[in-house]
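Survey of secondary and tertiary structure
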Amino acid sequence: MTMAAASTSSLASKPVEAGALLMRRLLAGPNAARVGLLAVAFIGLFHAWFWAQHQHSWGNGDWSHAYLVPVIAGYLLWQERRGLAWARTCVFWPGLAPLTLGIVCYVFFIVGVPNHLGQGLALILTLFGVVLLLAGPAVMQLAFCAIAYLVFAVTIPEK
């Protein structure tokens, strides 16, 4: 057994090291710039929705759980860290369709029919499209439940 194969097999058996490998893959070289740029663009596009969501949730006993939903979604991803660390990543161009549809829907729910719920669902669709486009179907298969779980953070309109 070669040295690289031995370290790979021992790394796959240790979940903490698999998480560290995943972080190294995400933040290595040009990936760090891509992840950072996409995070800034995503937050910049949806900042108004995040602020409105905060205003709906803060101090509201019915929606105060919305702050915990992303934490739980992060935990769901953390449980898949070994698979995510070893999943084959590739640019998957069909992911551009849900990404574009999510942005178009978000704009529609701002300009056409203002609706906070629709904007939140468009945000989740856009996030789905970003992950599918940049990471590919193997990663999306592992991240799907965590992304879908974010639906529980979107407040339902009272009217």
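Structure first, text after, so check above.
Note that the coordinates shown come from a computational prediction; the quantities given were computed from them, not determined experimentally.

Observations concerning the nonpolar core
Counting residues in hydrophobic clusters, the biggest one holds 23 residues, and the most contacted among them are Leu-123, Ile-124, Val-131, Val-139 and Ile-147. Of all the secondary-structure elements, those providing two or more residues to this core are α3 (30-57), α4 (69-79), α7 (116-135) and α8 (137-149). In terms of residues, this core owes the most to one element, α7, which gives six residues.

A closer look at the side chain of Thr-126
Along the chain, Thr-126 falls in helix α7. Beyond its immediate sequence surroundings of up to four residues, Thr-126 is in contact with Phe-42, Phe-46, Pro-98, Leu-99, Gly-102 and Ile-103.

Examining the environment of Leu-101
Residue placement: Leu-101 occurs in helix α6 (residues 96-112). Leu-101 sits in the partly exposed class, given a relative accessible area of 46%. For the pair Leu-101 and Ala-122, spaced 21 residues apart in sequence, the C-alpha to C-alpha distance is 8.0 Å.

Calculation notes
Residues numbered from 1 in each chain as written. Predicted model: local features only at pLDDT ≥ 70, side-chain atom pairs only at ≥ 80, totals over all residues. Heavy atoms only, no water. Core = buried A, V, L, I, M, F, W, Y, C linked by side-chain atoms within 4.5 Å. Buried < 20%, exposed > 50% of the residue type's maximum accessible area, 1.4 Å probe, protein only. Helix = DSSP H or I, 4+ residues; strand = E, 2+ residues; numbered from the N terminus. Contact = heavy atoms within 4.5 Å.

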